[in-house]
Amino acid sequence: MKGYCTVKEEWLYPDQTLEELPERVALHSAKNGREGIRLLLESGNEKLNVSLNGKGFTAELFEMVDVFVGYNEAETEEQNGMFVITAEEYEKPDYCTRKAPFRVYEALRPLQNDELAVKHGLGALYLTLTAQEETAAGIHELELRVGEYRLMIQLYLYEVRIPEESLGITNWFSLDNVALRHDLVFGSEAYYTMLRRYARAMRRTRQTHFFISYDHRRLPFDKEEGKFDFSYLKPIIGIFFEEGFSVMEFGNFATRGGDMFTDEMKCNMDPSVCVSSDEGYHMQQNFIRGLASFLKENGWEKKVIFHIFDEPDVHLKDRTALEKRKQQYLRISNLLRRHLPGCRIIEAVKTTEFKAGVDIWVPLSANYEEQKADFDKLLAAGEEVWVYVCCVPTGCHLNRFLDIDLIKSRLLFWGCARYGLTGYLHWGFNYWPEDAQYDPFECSNTPNAAFHGIYPSGDAYIVYPGEDGPLPGMRLEAQRRGAEDYELLLLLKAVKPMEYERLMKKTLRGFSDYNADAEAFEETRRELLSLL
């Protein structure tokens, strides 16, 4: 029977070269791991029945849905809007898997009634297995049946558990898109039910932090009393804490006000007001005073960190503009610390310029390596350093685009372990364009309005809108497994530091120096489990 079957961290494609399917595969898992098999099956039927025989494991079954990639990413570090190659004729870049346009299996739709749809003669199945609590370590056998095809799964369950999350992870998300894409009224009970499904999709992949970016249009302000009403956020925040998130990120307090290169921050609660003005000062103070009361009333004041102004040292005209931004940034941070003593501020930054304003530094992976000595001084001083990627860095740098090796989404977290970084941030969880006619499955290169350009494929989102909730992407699965690897790597470093160094050196030396061979990586991962 023809198809393709893999347990490796690799993409599958609708035009994949098919081969004789194996009779048996091996999976290797920690006691509380969730390992997966990707399967393409050639068939003349419209649907295939799927079943799993065996005890001791919980299975998830998904149909893999292919999505369209229209452009390849461009190899540039400049955020000038041209993040993709728009020329019709060009050689496929070495850092890309395929020359665009092409389709790739990415979205994961849960199977209904254990039936797999066959499209264009192919069934595309993704199966995950998790050991039940009472299942003993050792070798276990299960049988997967898909139509007439039978696959024996030999699952090696290791006597090691993935530790609880020590790595902070956040994917920023759009509250409005949850309403828009599911045709719900913002703030209705049906909306909150759907939002909870999004929260669960995040927690399933070990996300620890959630970013509440308030909307000034929904934030009542009594000008005479100088008071803000935060009550619309209470049920939203409550959902995320109820679903197991440990920390809320709140912000932003200031905005660019439509000018990416401005040196005059605007108040986010009223973008017509400058932060540096007297009106801006009192508005920020009233806002922060009210926010502090709101957080304390709900017992959340110790579970929150703050964003003041995204990328404050990025998109600047000159040094003078940077110094003006510093003054405004520190004004807000001082107000925050006055009303919420001991609070911490997190920010995506390019440099270490904003000292005494930022507590958790989040540079781009490339910027961290460029200024490693400066950021490491902050680490040595007891401050915290995370890392982020977005539409850059591109080329050979690790990122999570749809036109580069899937394993790169996972190796990002090996980079965090390699450098002792304690968190990962990305802006794009569900930032589909706010146009109901826009199809996320058919246009993964979303428009970049700020620069009148185009984002790299998949940069703006890592889940897809399904009928009953978000459909995770294969890149989100790779993120989950990378976060699990991070915890196992730190465990190995603590008990067998020389073995840790050996595994790390042959897998990853830096964010642009790594081995992306999926088969070699799988061998290393098995060795990691064996060593532990």
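Residues numbered from 1 in each chain as written. Predicted model: local features only at pLDDT ≥ 70, side-chain atom pairs only at ≥ 80, totals over all residues. Heavy atoms only, no water.

Chemist: I'm lost on the sheet that holds strand β25 (residues 423–426) in this one. Help?
Modeler: Sheet strands pair via backbone hydrogen bonds, and the direction of the pair is either parallel or antiparallel. Taken together, the three strands give an open sheet; going across it, the order is β12-β25-β24, and neighbouring strands pair in parallel fashion. Either end of the sheet is taken by a strand with one partner, and the two such strands are β12 (168–171) and β24 (387–388). Examined bridge by bridge, β24 and β25 share two bridges and lie parallel to one another. Residue pairing for β25: Val387 is matched across the bridge by Tyr424. (Pairing = 2+ DSSP bridges. Helix = DSSP H or I, 4+ residues; strand = E, 2+ residues; numbered from the N terminus.)

Chemist: When you look at the sheet that holds strand β19 (residues 270–274) in this model, what are you seeing that I'm missing?
Modeler: Spatially, β17-β18-β19 is the arrangement adopted by the three strands of the open sheet, whose pairing is antiparallel. Taken across any chain shown, the strands that pair with only one partner, and hence form the sheet edges, are β17 (254–255) and β19. As paired elements, strand β18 (residues 266–267) and β19 share two bridges and run antiparallel to each other. When the bridges of β19 are listed, Cys267 appears paired with Asp270. Most of the contacts of helix α4 (residues 278–297) go to β19, to which it runs at about 130°, and overall it touches β18 and β19. (Contact = heavy atoms within 4.5 Å. Axes fitted to C-alpha atoms, helices over the stretch in contact; angles between N-to-C directions.)

Chemist: Teacher, can you tell me more about the pattern of salt bridges here?
Modeler: Two side chains bearing opposite charge may form a pair once their charged atoms approach each other closely. For the structure on display, the rule yields 43 salt bridges. Taking the shortest distance from any N to any O, the salt bridge between Asp263 and Lys324 comes out at 3.6 Å. Taken together, the residues Asp263 in the loop between β17 and β18 and Lys324 in helix α5 (residues 319–339) connect sequence positions 61 residues apart. We classify Asp263 as partly exposed; its relative accessible area is 28%. You can call Lys324 partly exposed: its relative accessible area is 32%. Linking Asp359 and Arg337 is a salt bridge whose minimum nitrogen-to-oxygen distance equals 3.1 Å. Here Asp359 is found in the loop between β21 (344–349) and β22 (360–363), whereas its partner Arg337 is found in helix α5, with 22 residues between them in sequence. You can call Arg337 partly exposed: its relative accessible area is 24%. Because the salt bridges share partners, they merge into one network encompassing Glu9, Arg34, Arg38, Glu60, Arg204, Arg410, Glu477, Arg480, Arg481, Glu484 and Asp485. (Salt bridge = Lys/Arg side-chain N within 4 Å of Asp/Glu carboxyl O. Buried < 20%, exposed > 50% of the residue type's maximum accessible area, 1.4 Å probe, protein only.)

Chemist: Sorry if this is basic, but what is going on with the packing of helix α9 (residues 474–495) against helix α11 (residues 518–531) here?
Modeler: How two helices pack is summed up by the angle between their axes together with the distance between the axes. Two elements in contact, α9 and α11, have axes whose closest approach is 10 Å; the angle formed by their N-to-C orientations is 50°. Viewed along their axes, α9 and α11 adopt a mutual orientation that is oblique. Between α9 and α11 lies a crossing whose hand is left-handed. Across from Asp485, Leu488, Leu489 and Leu492 in α9, the residues of α11 making contact are Phe521, Arg525, Leu528, Leu529 and Leu531. (Parallel < 35°, antiparallel > 145°, perpendicular 65-115°, else oblique. Left-handed = near helix turned anticlockwise from the far one by under 90°.)

Chemist: Would you explain the side chain of Arg325 in this entry?
Modeler: Note on placement: Arg325 falls in helix α5. For the buried Arg325, no salt bridge exists, and the shortest N-O distance to an oppositely charged side chain is 6.8 Å, to Asp313. For Arg325, the side chain forms a polar contact with the main-chain oxygen of Pro312, separated by 2.8 Å. (Lys, Arg positive; Asp, Glu negative; His and termini not counted. Polar contact = N/O pair within 3.5 Å; in protein donor to acceptor, adjacent residues only side chain to side chain.)

Chemist: Help me out: how do you make sense of the nonpolar core in this one?
Modeler: Soluble globular proteins tend to pack their nonpolar side chains together in the buried interior. In this structure, Phe250, Phe253, Phe287 and Phe306 are the most contacted members of the largest nonpolar core, which totals 153 residues. Each residue touching Phe250, except ones within four places of it in the same chain, is listed here: Phe211, Ile212, Tyr214, Phe230, Leu233, Phe287, Leu291, Val304, Ile305, Phe306 and His307. Counting residues in hydrophobic clusters, the runner-up holds 26 residues, among them Ile37, Leu125, Leu142 and Val146. (Core = buried A, V, L, I, M, F, W, Y, C linked by side-chain atoms within 4.5 Å.)

Chemist: Mind showing me how you'd approach the packing of aromatic side chains here?
Modeler: The geometry of an aromatic ring pair is captured by two quantities: the separation of the ring centres and the angle between the planes. Following the criterion strictly, the structure yields 36 aromatic pairs and no others. With a centroid separation of 5.9 Å and an interplanar angle of 65°, the aromatic rings of Tyr191 and Tyr192 are classed as edge-to-face. Judged by relative accessible area, which is 0%, Tyr191 ranks as buried. Measuring from centroid to centroid gives 5.6 Å for Tyr214 and Phe250, while their planes differ by 15°, and the two rings are stacked. One end of the pair, Tyr214, is in the loop between β13 (209–213) and β14 (221–222); the other, Phe250, is in strand β16 (residues 247–251), with 36 residues separating them in the sequence. (Phe/Tyr/Trp six-rings, centres within 6.5 Å; stacked < 30°, edge-to-face > 60°.)

Chemist: Is there a simple way to explain the environment of Phe83 in this structure?
Modeler: Inspection of the secondary structure puts Phe83 in the loop between β6 (57–69) and β7 (102–110). Judged by relative accessible area, which is 0%, Phe83 ranks as buried. For the pair formed by Phe83 and Ile288, sequence separation is 205 residues and the distance between their alpha carbons is 37 Å.

Chemist: Even after reading the chapter, I still don't get the environment of Lys99, so can you show me in this structure?
Modeler: In this fold, Lys99 is placed in the loop between β6 and β7. Take Lys99: its relative accessible area is 32%, and that puts it in the partly exposed class. Residues Lys99 and Thr17 lie 82 residues apart in sequence; the distance between their C-alpha atoms is 17 Å. When residues no more than four places from it in sequence are discounted, the contact partners of Lys99 are Asn72, Glu88, Tyr90 and Lys92. Side-chain polar atoms of Lys99 contact the backbone oxygen of Tyr90, separated by 2.8 Å.

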